[in-house]
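# Structural overview for review
The chain contents come next:
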Amino acid sequence: MAAQPIDFEKPILEMETKIEELQQVSRAQGVDLTAEVKRLQKKAKRLRRDIFAKLNRWEQTLLARHPERPYAEDYIKLMMTDFVELHGDRLFGDDHAVIGGLARFEGKPVVVIGQQKGRSTKQKIYRNFGMPHPEGYRKALRLMKMAEKFNRPVITFIDTPGAYPGLGAEERGQAEAIARNLKEMATLTVPLISVVIGEGGSGGALGLGVGNRVLMLQYSVYSVIMPEGCASILYRDSGLAAQAAESLKLAAKDLKEYELIDEIVKEPPGGAHRNHQMAASILRRVIRRHLAELICFSPQELIKQREQKFRNFGQYMET
Amino acid sequence: MSWFQKIKGPLARVGDKKVRIPEGLWIKCEGCKEIVYKKEVERRSNVCPKCNYHFRISARERIAQLMDQGTFEEMDSGLAALDPLNFNDSMRYPDRIKAAMKKTGLKEAVICGQGELEGVPLELCVFEFDFMGGSMASVVGEKVTRAIERSLEKTRSLVIVHCSGGARMQEGMFSLMQMAKTSAALARLSKAGVPYVSVLTNPTTGGVTASIAMLGDVIMAEPGALIGFAGPRVIEQTIRQSLPEGFQRTEFLLEHGMLDMVVERKNMKNTICQVLQMLA
Ligand SMILES: [Zn+2]
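### Concerning unusual backbone geometry
Look at the link from B:Asn202 to B:Pro203: it is a cis peptide, with omega at -10°. Turning to its location among the elements, B:Pro203 is positioned in strand β8 (residues 196-205). One non-glycine residue with positive phi stands out, namely A:Asp82, at about 55°. Counting through the fold element by element, A:Asp82 comes out in strand β1 (residues 81-85). A residue is classified by how much of its surface remains accessible, and A:Asp82, at 53% relative accessible area, is exposed. The phi dihedral of A:Asn128 is positive, around 50°, even though this residue is not glycine. As for its placement among the helices and strands, A:Asn128 is situated in the loop between α5 (121-126) and α6 (134-149).

Here you go:
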């Protein structure tokens with residue numbers, strides 16, 4: 001992998017390099033090292049399992065932001081066909097932090113929308129680091145309404161540090177754009193499946209996230225505020241992000257425990273960035289199962305299911 | 001008023017020397033920085049007589065200003081916060097809640113209930129900024145949703161007066177999901193054709209703006225209120241430049257088409273009444 005490994009990945013990667021070297025020696029010199037290689041592979045697997053079982057919430061946040069992690073566009077390419085990208089909100093512009101369009105999923109047409117990050121510096125800037133402007137939310141809404149008109153299911157991929165905090169975004173109604181999406185998604189007459197594939201950054205993520213099903217990839221995170229922001233407010237020190245991540249309980253397994261999401265989608269060993277193909281194939285099967293359930297619902301049932309699901313969120317006492 | 005003008009001169013000089021401002025009788029206006037007579041400010045519904053600055057008022061006071069006397073009946077006042085995340089902070093979340101309760105005499109950051117405004121029956125929710133910055137978490141979301149549902153059930157107009165910094169960190173994703181929960185309830189209200197007037201006061205930012213606040217059939221704001229998605233400090237840090245004068249203020253939002261109107265506090269009750277009479 002070209003990107004810098006995260007600290008906790010290093011021992012695993014080192015061992016993998018060692019195994020590769022052994023295999024090369026074996027091939028070059030015709031020595032049979034199968035037993036040794038097997039032993040090391042087993043050891044590497046165990047090491048990885050142990051490390052990944054003990055990841056804290058900050059380490060998961062780093063995985064969720066891993067630059068080699070599959071992005072929305074990757075998942076679309078890997079699990080859909082005939083993607084036709086559609087641009088623009090018909091009001092102001094085309095937001096490159098949100099992509100969307102028509103595609104075939106399991107051969108059937110769907111509308112797919114996702115927040116899109118960039119990998120190279122140039123792409124990162126082009127995609128505005130995955131932080132949408134109001135136009136991104138309005139483009140998404142336009143496509144959802146199109147899905148409704150032609151009775152196509154909607155799949156959204158969530159992957160953003162948050163909606164962009166900037167002058168233009170405020171001038172053109174960032175808050176209104178997100179609010180409108182929340183309201184409109186609630187009453188959408190077609191199945192809506194939302195998947196957090198990386199970072200679910202607050203309202204900017206929720207703006208694509210009022211689904212009949214809300215799924216999270218195993219190492220993705222979803223939070224009311226990103227740990228750095230939380231730390232700078234609470235502890236006046238953004239360096240305490242790791243501590244904030246623990247407090248915020250932003251990991252997929254936390255949110256499943258709280259029943260705020262429907263399902264955790266397993267990632268390949270070592271995380272989705274280690275095997276895009278496998279990550280997409282696991283996710284494809286999970287989406288297929290949920291979609292098969294949802295297409296049996298009538299429009300009214302879909303709306304009701306979505307409303308009731310979100311209606312129940314919250315913990316309080318009546319005194 | 002004439003008496004007030006008479007003492008205006010000498011008082012300013014006193015103010016400059018920073019001496020002998022009788023405790024509690026005079027206050028410094030945050031708008032014009034002048035020293036103003038507190039009773040005069042209060043008589044004008046907490047608006048500065050010199051510069052029209054709208055001082056923040058409590059939820060209770062707002063209700064008294066808007067509702068016909070003796071008609072307001074509070075609902076769901078017993079709902080109180082839990083600590084679902086067992087949130088780790090310098091002060092425990094339950095202790096923060098307790099402190100906010102003590103400060104405000106309320107159990108949470110919003111008061112909801114029903115009453116009459118110039119004889120028009122309605123459901124009213126008012127945010128209390130002194131309760132943890134009017135932040136939205138489970139209880140606020142639930143109380144507002146119940147108010148929307150009562151509104152729907154009784155086909156009675158809804159008015160929400162916002163004053164909030166956004167979603168409350170201490171309840172994590174439970175707070176964020178209140179945005180979706182309340183907005184979904186508003187979608188139902190909207191389909192049923194029941195009017196919703198959203199009133200924005202200083203400040204209305206973050207998750208509350210990006211959900212219920214911007215979803216009114218009619219959106220009114222008090223003059224000079226800070227209204228936005230991101231807070232000004234966050235924007236400044238992101239774009240690394242200072243913000244233009246008046247950015248994210250009521251008048252700026254009106255100019256950019258985000259509001260229906262700017263309404264001074266003294267006209268708020270009448271304006272809401274006028275609108276509701278024509279919509280309800
Ligand atoms: Zn003043």
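There is more to say, and it comes next.
### Some points on the packing of helix α8 (residues 174-186) of chain A against helix α7 (residues 172-191) of chain B
Their axes nearest at 8 Å, the elements α8(A) and α7(B) cross at an angle of 65°. Pair α8(A) / α7(B) crosses with right-handed handedness. Contact with α8(A), carried on its side by A:Leu182, A:Lys183 and A:Ala186, involves B:Met179, B:Ala180, B:Ser183, B:Ala184, B:Leu186, B:Ala187 and B:Ser190 of α7(B) and no other residues of that element. For the contact of α8(A) with α7(B), the residue count by class is seven nonpolar, two polar and one charged.

### What to know about the pattern of salt bridges
Residue and element names in this part refer to chain A. The tally for this structure, following the rule as stated, stands at 48 salt bridges over all chains. Between Lys 139 and Asp 94 there is a salt bridge, and its shortest N-O distance comes to 2.6 Å. Taken together, the positions of Lys 139 in helix α6 and Asp 94 in the loop between β1 and β2 (98-105) put the pair 45 residues apart, joining distant regions of the chain. Here Lys 309 makes a salt bridge to Asp 262, at a shortest N to O gap of 2.4 Å. Here Lys 309 is found in helix α14 (residues 299-311), whereas its partner Asp 262 is found in the loop between α12 (252-257) and β8 (263-265), with 47 residues between them in sequence. For Lys 309, a relative accessible area of 12% corresponds to the buried category.

### Some details on the side chain of A:Asp89
All names here are of chain A. For Asp 89, the location among the structural elements is in the loop between β1 and β2. Arg 138 provides the closest opposite charge to the buried, salt-bridge-free Asp 89, at an N-O distance of 5.3 Å. Here Leu 91 takes part through its backbone nitrogen, which lies 2.9 Å from a polar atom of the side chain of Asp 89. Within the structure, Asp 89 has its side chain in polar contact with the backbone nitrogen of Phe 92 (distance 2.8 Å). Once you skip the residues sitting within four places of it in the chain, Asp 89 turns out to touch Glu 135, Arg 138, Lys 139 and Arg 142.

### As for the domain arrangement of chain A
It is common to give the size of an interface as the accessible area lost on bringing the parts into contact. All names here are of chain A. Splitting chain A by domain gives domain 1 (7-54) and domain 2 (61-311). Counting from both sides, the interface comprises six residues of domain 1 and, opposite them, eight residues of domain 2. Buried area between domain 1 and domain 2, summed over both chains or domains, comes out near 560 Å², and the portion from carbon and sulfur atoms is 56%. Of all residues in domain 1, Glu 9, Arg 48 and Phe 52 bury the most surface against domain 2, accounting for 70% of the area lost on that side. For the pair domain 1 and domain 2, the interface holds one salt bridge. Linking Arg 274 and Glu 16 is a salt bridge whose minimum nitrogen-to-oxygen distance equals 2.6 Å. At the surface where domain 1 touches domain 2, the tally comes to two residue pairs in polar contact (both at pLDDT 80 or more). At the level of secondary structure, the elements contributing two or more residues to the side of domain 1 that touches domain 2 comprise α1 (10-29) and α2 (34-53).

What counts, and at which threshold
Residues numbered from 1 in each chain as written. Chains lettered and ligands numbered in written order. Predicted model: local features only at pLDDT ≥ 70, side-chain atom pairs only at ≥ 80, totals over all residues. Heavy atoms only, no water. Helix = DSSP H or I, 4+ residues; strand = E, 2+ residues; numbered from the N terminus. Buried < 20%, exposed > 50% of the residue type's maximum accessible area, 1.4 Å probe, protein only. Axes fitted to C-alpha atoms, helices over the stretch in contact; angles between N-to-C directions. Left-handed = near helix turned anticlockwise from the far one by under 90°. Contact = heavy atoms within 4.5 Å. Nonpolar A, V, L, I, M, F, W, Y, C, P; charged D, E, K, R; others polar. Salt bridge = Lys/Arg side-chain N within 4 Å of Asp/Glu carboxyl O. Lys, Arg positive; Asp, Glu negative; His and termini not counted. Polar contact = N/O pair within 3.5 Å; in protein donor to acceptor, adjacent residues only side chain to side chain. Domains from an automatic or database assignment. Buried area = accessible area lost by both parts, 1.4 Å probe.

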